[in-house]
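# Reading the structure
Spelled out from the first residue to the last, the chains are:
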Amino acid sequence: MSTHLSRHMRQALSPLKSPTALTLHQTASSLSRRIYASFGIRTPAANAAPILWRTVSQCLGGTATLYRLSKRLAAVLSLPLVLHRSLAPKLTQFKAWDPATHRFDSVAPEVAFLATSVIVLKMVYGLDTKTRAACDSADPAADMPCEEDFLALLKKLGEADASCADFDSTRKIHFEDLDVDAIDDYLAFCDRALSGPTKEQDVLDRFFPLQGLSKPARIIAPVMSQPRLALVRADHQTLRPGEEYALHHSDSTEECSALIERVATWSGFGEPHFSAVLQTYERQLWRWWKQTRRGDPEDEKAHSPEE
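Summarised in this report is the structure supplied together with it. (Residues numbered from 1 in each chain as written. Predicted model: local features only at pLDDT ≥ 70, side-chain atom pairs only at ≥ 80, totals over all residues. Heavy atoms only, no water.)

### Some remarks on the nonpolar core
Grouped together as the largest cluster of nonpolar side chains are 46 residues, with contacts concentrated most on Leu60, Leu79, Leu121, Leu259, Val263, Phe274 and Tyr281. Residue assignment for this core shows that the elements contributing at least two residues are helix H3 (48–59), helix H4 (64–77), helix H5 (109–125), helix H6 (147–164), helix H9 (254–267) and helix H10 (271–292). Residue contributions to this core peak at 11 residues, all from H5. (Core = buried A, V, L, I, M, F, W, Y, C linked by side-chain atoms within 4.5 Å. Buried < 20%, exposed > 50% of the residue type's maximum accessible area, 1.4 Å probe, protein only. Helix = DSSP H or I, 4+ residues; strand = E, 2+ residues; numbered from the N terminus.)

### Digging into the packing of aromatic side chains
The description of an aromatic ring pair rests on the distance of the ring centres and on the angle between the ring planes. This model, assessed by the stated rule, comprises three aromatic pairs. Aromatic side chains tryptophan 53 and tyrosine 67 sit 5.8 Å apart centroid to centroid with 80 degrees between the ring planes, which places their arrangement in the edge-to-face category. Here tryptophan 53, found in helix H3, pairs with tyrosine 67, found in helix H4; they are 14 residues apart in sequence, far enough to count as distant. (Phe/Tyr/Trp six-rings, centres within 6.5 Å; stacked < 30°, edge-to-face > 60°.)

### Side note on H5
With 17 residues, H5 ought to run about 24 Å at 1.5 Å a step, and its terminal C-alpha atoms sit 24 Å apart, in line with that. Among the 17 residues in H5, 15 count as buried, and that is most of the element. (Expected span 1.5 Å × (residues − 1).)

### Let's talk about the environment of leucine 121
In this fold, leucine 121 is placed in helix H5. As for leucine 121 and leucine 66, which are separated by 55 residues in sequence, their C-alpha atoms are 8.1 Å apart. Beyond its immediate stretch of four places on either side in the chain, leucine 121 contacts Leu60, Leu66, Gly126, Met144, Phe150 and Leu259. (Contact = heavy atoms within 4.5 Å.)

### Considering the pattern of salt bridges
Oppositely charged side chains can form a pair if their charged atoms are brought close together. A full pass over the atoms with the stated rule returns four salt bridges. The residue glutamate 282 makes a salt bridge to lysine 122 at a minimum N-O spacing of 2.9 Å. Here the residue glutamate 282 occupies a position in helix H10, and lysine 122 occupies one in helix H5, the gap between them amounting to 160 residues. Using a relative accessible area of 3% as the deciding quantity, one classes glutamate 282 as buried. Taking the relative accessible area as the measure of exposure, lysine 122 reaches 5% and is therefore buried. A salt bridge links aspartate 139 to arginine 240; its shortest N-O distance comes to 3.9 Å. Here the residue aspartate 139 occupies a position in the loop between H5 and H6, and arginine 240 occupies one in the loop between helix H8 (200–207) and H9, the gap between them amounting to 101 residues. Under the relative-accessibility criterion, arginine 240 is labelled partly exposed at 35%. (Salt bridge = Lys/Arg side-chain N within 4 Å of Asp/Glu carboxyl O.)

Rendered as structure tokens:
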């Protein structure tokens, strides 16, 4: 087959650098669109449940409450979860100028779920230097941990991921700085990555090892063991979860920036792309909220998000 490939095709099939997650998703999205346009073959939507749970638990160290709230918000936003927006059902157009699709309908499912989870966390904690507190035990926010413990857990998760990514493709490795054991580990890693399993027994040893791990497994305490969000008496001075929601900007608070950095690093899509998706979803949610409360202007004014 290589004799029929041009020089340009050989270079394209053997890139000098590994493609980013955004590039891979854009390529898959374009391929899915072309297959559907040319042959009428639809690429099915992603299975939402395992992707949402993996993003909530592994990236945010979340709980079942965060999973349930993120799932509900994703249903409100009507996330299509398809590779390309041409494969998703068209939006209901009540007026002639209403759009048939939303921006970022072709976004990766994990990025869409992470954006909804970030919106939920901003509703619960605010992350704008203002304290939120639940006034009723029936409020789902009462089952969430306090803000200080959640931010501390995010920091631990980031440090743990950084320590495990010894041979990450985005990390620059200088051999003169490596010791003998690190070089042996790197050569073993290259051997596994290039050759892979060659026998049936190798497959069993790789995926079902009987021996113990060479390094202790990373165990992180679940968030559920942390203290819950404090309950206070209802008054006019205490902000409840969801009140005075501030839309995301580039000059956000330190807490919000740490959350965005954690999510963008874990997903591999970068902060600019994730911030654009987050801003779009926030405005979609704001428009949906205005439509549901169109008959109460006073309540709409009191709960309007801050720019």
